[in-house]
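Here is how the chains run, residue by residue.
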Amino acid sequence: MAHTITLIPGDGIGPEVTEAVLRIFTAAGLQIEWDRHDAGVIAFKRYGQTLPATLLDSVKRNKVALKGPVTTPIGEGFTSVNVGLRKALDLYANLRPVKNIPGVETRFQNVDLVIVRENTEDLYAGLEHEIVPGIVESLKIITEKASTRIARFAFEHARTFGRKRVTAIHKANIMKLSDGLFLDSCRRVSREFLDIPYDERIVDAACMHLVMHPEKLDVLLLPNLYGDIVSDLCAGLVGGLGVVPGANMGLESAVFEAVHGSAPDIADQNLANPTALLLSGLLMLDHIGERQRAERIRAALGRVLAEGRVRTRDLGGTATTTEFTDAVGREIEKT
């Protein structure tokens with residue numbers, strides 16, 4: 001089956017890891033027409049916009065996009081392209097499966113978590129202003145609508161994929177109105193899914209439990225800011241952001257992306273690890289009905305990492321991006 005998919009290579013190491021994923025997809029026999037578009041600093045230099053209308057129109061038309069990392073300036077410059085993309089396309093659910101990968105040594109084993117993060121509001125939405133010089137106000141917006149639909153997404157995902165439990169993460173002991181509304185919404189939705197156990201944890205206690213016994217948790221349901229922090233914490237349990245996938249889901253569109261940064265310090269040096277974007281691409285293949293080819297690639301990647309002979313530097317090896325990509329391609333051709 002042929003597919004047309006929007007491709008956003010990003011900047012920094014983005015184009016390199018994107019090209020690696022495309023080569024692996026070709027080795028697996030996938031027929032994809034890539035509709036390429038720039039975002040971020042590259043798009044701003046070319047078009048005067050970080051999120052050109054042509055890019056957004058492409059995602060709306062194709063319904064699916066694969067996105068490499070895009071640089072977000074810290075404390076100055078343009079606002080986050082990732083946040084802008086989620087807002088413009090109403091990609092309200094951020095999905096991050098976190099699972100141990102054979103051959104990638106970590107402090108923890110048997111980690112198998114799914115982080116479901118609300119993606120459109122809360123402090124992370126960046127609604128802030130300077131009241132007077134020296135005083136800045138940031139707005140934490142929590143709505144019943146957004147909280148209810150992300151809770152329903154989490155429970156539906158748990159039911160579809162046979163997960164054991166949904167845990168809502170909050171700070172309602174202090175933020176009684178905002179996080180309290182989030183919790184109330186989660187509780188109401190939980191009563192529609194009585195076959196799935198539901199519990200709640202305060203965010204600081206949840207973080208402690210995650211670094212002590214992560215195997216005891218399953219699906220984590222969080223507001224936007226906590227979700228951003230906890231999802232990176234969970235990535236650290238299994239080897240870091242270079243080995244976990246990410247997806248942003250909406251009712252009409254879905255954008256699958258590497259969750260790590262653009263790493264400009266190693267850009268154009270053929271050193272980047274394409275695993276995170278590849279795993280995100282495999283989530284995308286599952287989403288568009290190419291599950292069989294996704295499993296074939298997933299198995300090939302697993303064999304390369306488990307063998308340990310060809311690894312990029314972030315995983316303790318010496319392989320270049322090209323050498324790692326070639327190794328995965330060869331494993332695919334064997335099957």
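See the structure shown above.
How each quantity is defined
Residues numbered from 1 in each chain as written. Predicted model: local features only at pLDDT ≥ 70, side-chain atom pairs only at ≥ 80, totals over all residues. Heavy atoms only, no water. Helix = DSSP H or I, 4+ residues; strand = E, 2+ residues; numbered from the N terminus. Rg over C-alpha atoms; globule rule 2.2 N^0.38 Å. Buried < 20%, exposed > 50% of the residue type's maximum accessible area, 1.4 Å probe, protein only. Contact = heavy atoms within 4.5 Å. Areas by Shrake-Rupley, 256 points an atom, 1.4 Å probe, with all protein chains shown as cover. Lys, Arg positive; Asp, Glu negative; His and termini not counted. Charge placed at Lys NZ, Arg CZ, Asp CG, Glu CD. 1 Å grid on protein atoms, 1.4 Å probe; cavity = no way out; pocket = protein on both sides within 12 Å on 5 of 7 lines; lining within 4 Å. Points joined across faces, edges and corners; volume = space filled by probe spheres on them. Nonpolar A, V, L, I, M, F, W, Y, C, P; charged D, E, K, R; others polar. Polar contact = N/O pair within 3.5 Å; in protein donor to acceptor, adjacent residues only side chain to side chain. Core = buried A, V, L, I, M, F, W, Y, C linked by side-chain atoms within 4.5 Å. Pairing = 2+ DSSP bridges. Right-handed = clockwise from strand over helix to strand, strands pointing away.

Moving on to the overall build of the protein chain. Tallying secondary structure elements over the protein chain gives 11 helices and 12 strands in all. On C-alpha atoms alone, the protein chain measures out to a radius of gyration of 20 Å, which is about the 20 Å that the 2.2 N^0.38 rule sets for 335 residues. Judged by the C-alpha coordinates and their principal axes, the protein chain covers about 55 × 45 × 40 Å. Buried residues in the protein chain amount to 54% of all 335 residues. Across the protein chain, the fraction of contacts at a sequence separation of at least 24, relative to all contacts at a separation of at least 6, is 73%. As displayed, the protein chain has an accessible area near 15,300 Å², and 53% of this comes from carbon and sulfur atoms. Counting 39 positive and 43 negative side-chain charges, the protein chain places the averaged centre of each group 4 Å from the other.

So, on to empty space enclosed by the protein. Under the criterion given, the structure shown has 1 cavity of 30 Å³ or more. In this model, the largest cavity occupies a volume close to 30 Å³. Lining the largest cavity are Val-83, Arg-86, Lys-87, Asn-119, Thr-120, Tyr-124, Ala-125 and Asn-224. Tallied by class, residues from the lining of the largest cavity come to 3 nonpolar, 3 polar and 2 charged.

Relative to the assigned elements, Pro-52 resides in the loop between helix H2 (41-47) and helix H3 (53-62). For the pair formed by Pro-52 and Gln-269, sequence separation is 217 residues and the distance between their alpha carbons is 28 Å.

It is worth spelling out the side chain of Thr-312 at this point. Positionally, Thr-312 belongs in the loop between helix H10 (291-307) and helix H11 (321-334). Only 2.6 Å separates the side chain of Thr-312 from the side chain of Asp-314, close enough to count as a polar contact.

Attention now moves to the nonpolar core. Judged by nonpolar contacts, the single largest core of 90 residues is most densely connected at Phe-25, Leu-285 and Ile-297. With 8 residues, helix H9 (residues 275-287) is the single largest residue contributor to this core. Aside from chain neighbours lying at most four places away, what touches Ile-297 is Ile-24, Phe-25, Ala-28, Leu-30, Leu-278, Leu-282, Leu-285 and Ile-332. Counting 13 residues, the second-largest nonpolar core is a separate cluster that includes Leu-55, Val-70, Val-81 and Val-255.

With that settled, consider the environment of Tyr-226. In this structure, Tyr-226 sits in helix H8 (residues 224-237). We classify Tyr-226 as buried; its relative accessible area is 10%. Residues Tyr-226 and Asp-122, 104 residues apart in the sequence, show an inter-C-alpha distance of 9.3 Å. In this structure, Tyr-226 is in contact with Asp-122, Lys-140, Ile-169, His-170, Lys-171, Met-175, Asp-179 and Val-203, ignoring residues within four places of it in sequence.

Moving on: the pairing of strand S1 (residues 2-8). Counting buried residues along S1, 5 of its 7 residues qualify, which places the element largely inside the surrounding structure. Where S1 meets strand S2 (residues 31-36), 6 bridges bridge the pair, whose relative direction is parallel. Each bridged residue has a counterpart across the sheet, and for Ile-5 the counterpart in S2 is Trp-34. One crossover worth recording links S1 to the parallel S2 by way of helix H1 (residues 14-27), and it is right-handed. Bridge count for S1 against strand S3 (residues 64-67) is 3 bridges, and the pairing is parallel. For Leu-7, the partnering residue across the bridge sits in S3 and is Leu-66.

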